[in-house]
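Examination of the molecular architecture
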Amino acid sequence: MRKLYDEELFYEEERSAAEYAYALAVRLREVGQTDEARKYARACLGLAERLPSASLDHVVSGRQSVGGVPLPDHFHDGVVRSRLADLLAD
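Residues numbered from 1 in each chain as written. Predicted model: local features only at pLDDT ≥ 70, side-chain atom pairs only at ≥ 80, totals over all residues. Heavy atoms only, no water.

Considerations on the pattern of salt bridges
Counted according to the given criterion, the structure contains 11 salt bridges. For R63, the salt bridge identified is with E19, shortest N-O distance 2.7 Å. Taken together, the residues R63 in the loop between α4 (56–59) and β1 (65–66) and E19 in helix α2 (residues 14–30) connect sequence positions 44 residues apart. Here D77 and R81 are joined by a salt bridge, their closest N and O atoms 3.0 Å apart. Of this pair, D77 and R81 both sit in helix α5 (residues 77–83), 4 residues apart, which is roughly one turn of that helix. Residue D77 is classed as partly exposed on the basis of its relative accessible area of 23%. The structure contains a network of salt bridges with shared partners spanning R2, E36 and K39. (Salt bridge = Lys/Arg side-chain N within 4 Å of Asp/Glu carboxyl O. Helix = DSSP H or I, 4+ residues; strand = E, 2+ residues; numbered from the N terminus. Buried < 20%, exposed > 50% of the residue type's maximum accessible area, 1.4 Å probe, protein only.)

Structure representation (structure tokens):
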């Protein structure tokens, strides 16, 4: 998944990169790699903050999961902050 995240960043596919970063943060948190999980949580939030969110069409997830990690039905910075709050706390 890290390679796919890097590729999406390279091609400036910010929504997809944010989804991969979210999935990486969740997976890494599950296996106890908290520092790495925090890195991807922050990257996810940074990307999500730049995504359009003016309408429901902008925030509805286009896919249900990434790398086996379920994505929120509505993917935007508020949901990312809520779901990854433990990793984003300083």
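Considerations on the environment of S16
By the secondary structure assignment, S16 is in helix α2. Apart from residues no more than four positions distant in its own chain, S16 is found in contact with E8 and R63. A distance of 2.9 Å separates the side chain of S16 from the side chain of R63, its partner in a polar contact. (Contact = heavy atoms within 4.5 Å. Polar contact = N/O pair within 3.5 Å; in protein donor to acceptor, adjacent residues only side chain to side chain.)

Brief notes about the packing of helix α1 (residues 2–10) against α2
At a closest axis distance of 8 Å, the pairing of α1 and α2 adopts a crossing angle of 155°. When the interaxial angle is binned, α1 and α2 end up roughly antiparallel. Relative to α2, the crossing made by α1 is left-handed. In this structure, α1 uses R2, L4, Y5, E8 and L9 to contact α2, whose residues at the interface are S16, A17, Y20, A21, L24 and L28. (Axes fitted to C-alpha atoms, helices over the stretch in contact; angles between N-to-C directions. Parallel < 35°, antiparallel > 145°, perpendicular 65-115°, else oblique. Left-handed = near helix turned anticlockwise from the far one by under 90°.)

Points about the environment of R50
Here R50 lies in helix α3 (residues 34–50). Spatially, the C-alpha atoms of R50 and D77 are 8.6 Å apart, while their sequence positions differ by 27 residues. A distance of 3.1 Å separates polar atoms of two side chains, one belonging to R50 and the other to E14.

Examining the nonpolar core
Of all hydrophobic cores here, the largest spans 27 residues; its most connected members are Y5, Y22, Y40, F75, V80 and L84. Of all the secondary-structure elements, those providing two or more residues to this core are α2, α3 and α6 (85–88). If you tally residues by element for this core, the top one is α2, at 10 residues. Those residues in contact with Y5, other than ones at most four positions away along the chain, are A17, Y20, A21, L24, Y40, A43 and L47. (Core = buried A, V, L, I, M, F, W, Y, C linked by side-chain atoms within 4.5 Å.)

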